[in-house]
Amino acid sequence: MTPVKYLPVRNVMTTDIEMIDGLTSVSDALERLRRKQISSLIIERRDDVDEYGLLTVHDIARGVLVPDLSPDRVSAYEIMTKPVLSIDVEMNVRYAIRLLTRFSVSRALVLEAGKAVGIVTLRDMVLRCADFQ
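Caption draft 1: Highlighting unusual backbone geometry. In this structure, Pro83 follows Lys82 across a cis peptide bond, with omega equal to 0°. With respect to the helices and strands, the residue Pro83 is situated in the loop between α3 (76-79) and β4 (86-88). Positive phi, close to 55°, is recorded for Gln37, a residue that is not glycine. Along the polypeptide, Gln37 turns up in the loop between α1 (26-36) and β2 (40-43). Judged by its relative accessible area of 74%, Gln37 falls in the exposed class. Residue Asp68 is not a glycine yet carries a positive backbone phi of 60°. Within the fold, Asp68 resides in the loop between α2 (57-65) and α3. Note on Asp68: relative accessible area 67%, which makes it exposed.

Next up, the structure:
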């Protein structure tokens, strides 16, 4: 039996995450997405027992653009995904890939001791894992 090679999510994740309050308007969220040239924002927890949320361009398309709503009048919390799929920084990338594909999501929040420390995409993990062979 071949041993599983270990590459932790910590080595693949993006640590420069953008967090916003759930009451942020979609207009303001879109401005931040444009300015940072990213496609998702983490929604902050209201307190220590709350869960993180995720706002993606897909959420904005589905929740604002398709129903033809004003992005100034819709808040992030109204269209975000919550709770967001999250994984531990030490999880093996191979298992993280399995988890994301099982739930048909393209990204996951990375946690360390319950705090958001990064985000990882299926694309980044697959490309890095293929190089790790």
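From this point on, the discussion continues.
Caption draft 2: Representation of the packing of α1 against α2 within the structure. At a minimum axis separation of 11 Å, α1 and α2 run at an interaxial angle of 150°. As summarised for this structure, α1 and α2 are arranged roughly antiparallel, according to the angle between their axes. α2 is crossed by α1, and the crossing has left-handed handedness. Across from Val26, Leu30 and Leu33 in α1, the residues of α2 making contact are Val57, Ile60 and Val64. For the contact of α1 with α2, the residue count by class is six nonpolar, no polar and no charged.

Rules of the game
Residues numbered from 1 in each chain as written. Predicted model: local features only at pLDDT ≥ 70, side-chain atom pairs only at ≥ 80, totals over all residues. Heavy atoms only, no water. Helix = DSSP H or I, 4+ residues; strand = E, 2+ residues; numbered from the N terminus. Buried < 20%, exposed > 50% of the residue type's maximum accessible area, 1.4 Å probe, protein only. Axes fitted to C-alpha atoms, helices over the stretch in contact; angles between N-to-C directions. Parallel < 35°, antiparallel > 145°, perpendicular 65-115°, else oblique. Left-handed = near helix turned anticlockwise from the far one by under 90°. Contact = heavy atoms within 4.5 Å. Nonpolar A, V, L, I, M, F, W, Y, C, P; charged D, E, K, R; others polar.

Everything listed here is a matter of coordinates, which is why it stays silent on function.
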